[in-house]
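Structure at a glance
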Amino acid sequence: MKYILFLTLPLFLYAKTSFITQEEYAAQLYKNPRGIGCQHCHGDQGKGKIVANYTHKKIQKSFGGPAIDKLDYAAFYKALNSRIDSMPRYFLTPKEISALYFYLNQEELKKAQELKEAQEKKKAQEAEKVKKAQEAKKVSETKEVNETKEIKEVHETKEVNETQETKEVVEEPKENTKPAEAIDINALFREATEAKNAK
Ligand code: HEC
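Everything numeric in this text was worked out from a predicted model, so none of it was measured. (Residues numbered from 1 in each chain as written. Predicted model: local features only at pLDDT ≥ 70, side-chain atom pairs only at ≥ 80, totals over all residues.)

1. Structural notes on the confidence of the model for the chain
Chain-level statistics for the chain give a pLDDT mean of 79 and a share of 70% at 70 or above. In the predicted structure, residues 1-17 sits below a pLDDT of 50 and forms one contact with residues beyond four places in sequence or in another chain. Long-range and interchain partners of residues 176-181, a stretch whose pLDDT sits below 50, account for two contacts in this model, where long-range means more than four residues apart. (pLDDT = per-residue confidence, 0-100. Contact = placed C-beta atoms within 7 Å.)

2. Focus on the nonpolar core
Core analysis: the biggest nonpolar cluster contains 17 residues, and Ala-26, Tyr-30, Ala-99, Leu-100, Tyr-101, Phe-102 and Tyr-103 have the highest contact counts within it. Going through the elements one at a time, α2 (22-31), α4 (73-80), α5 (94-104), α6 (106-152) and α8 (185-198) are the ones with two or more residues in this core. Ranked by residues supplied to this core, first place goes to α5 with six residues. The two domains that each donate at least three residues to this core are domain 1 (21-104) and domain 2 (108-198). Filtering out sequence-adjacent residues up to four positions away, Tyr-30 remains in contact with Cys-38, Gln-39, Leu-100 and Tyr-103. (Core = buried A, V, L, I, M, F, W, Y, C linked by C-beta atoms within 7 Å. Buried ≥ 20, exposed ≤ 12 C-beta atoms within 10 Å, placed from the backbone. Helix = DSSP H or I, 4+ residues; strand = E, 2+ residues; numbered from the N terminus. Domains from an automatic or database assignment.)

3. Quick word on the packing of α2 against α5
Contact geometry for α2 and α5: axes closest at 8 Å, N-to-C directions at 100°. Classified by the angle their axes make, α2 and α5 are roughly perpendicular. Touching Gln-22, Tyr-25, Ala-26, Ala-27, Leu-29 and Tyr-30 of α2 are Glu-96, Ala-99, Leu-100, Phe-102 and Tyr-103, all from α5. Here the residues of the contact of α2 with α5 are counted per class, giving nine nonpolar, one polar and one charged. (Axes fitted to C-alpha atoms, helices over the stretch in contact; angles between N-to-C directions. Parallel < 35°, antiparallel > 145°, perpendicular 65-115°, else oblique. Nonpolar A, V, L, I, M, F, W, Y, C, P; charged D, E, K, R; others polar.)

4. Things to note about the site of the ligand
Surveying the vicinity of the ligand reveals 21 residues, the closest of which are Cys-38, Cys-41, Gly-65, Ala-79 and Met-87. Where the shell around the ligand is concerned, the elements lending two or more residues are α3 (39-42) and α4. In terms of residue count, the dominant contributor to the shell around the ligand is α4 (four residues). In terms of residue class, the shell around the ligand is built from 16 nonpolar, four polar and one charged. (Near = placed C-beta within 6 Å.)

Given below as structure tokens:
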């Protein structure tokens, strides 16, 4: 009986975690990693916190964690994989580290995502414009050719050209047929980091 419990418990936990959103998971991990919660030293939003004030040899001192919400991903990742004075060592997986980074940089990541979407929309609109201009040019060229041909040739030719014309107009734009991709969180990290570094 005990064994069954041991076996089913991880599955149950796994099933449970898959129902929470990335935001909820990241927030939970930040406050409850395998060890003491980060917020105790770095504050709820990672903006830094003074944990204690004390005097040492008559000098007023304080202990706390620095702000960790303005780091780029590489620095954040490296810090969590090194020994840091006055901070517990966590041994987090790369996935956990990116979840924590996501938690601390949600606003920036959302902004980067919005910027990316806006840029993609603009690009698609521009491609559409170019396509329309090309189509208009093609139609008028075909028309010109048809008009000169018409003088010499019989109605048959005209009919053929008309079907060709409609084919060209109906043809789908190639760039817009790509399906919307799922959010690539690593690409977002890179963009957010590049955006930060560009500042
Ligand atoms: C007991 C307090 C404490 C806890 C808990 C703690 N930290 Fe820290 N952390 C520190 C201190 C203090 C420093 C700064 C050490 C230094 O400057 O030498 C630090 C530094 C860091 C840095 C490097 C900052 C920089 O500017 O390079 C990162 C990243 C970091 N912590 C992330 C975390 C995360 C994520 C958690 C939770 C998984 C966490 N810390 C939990 C105390 C803590």
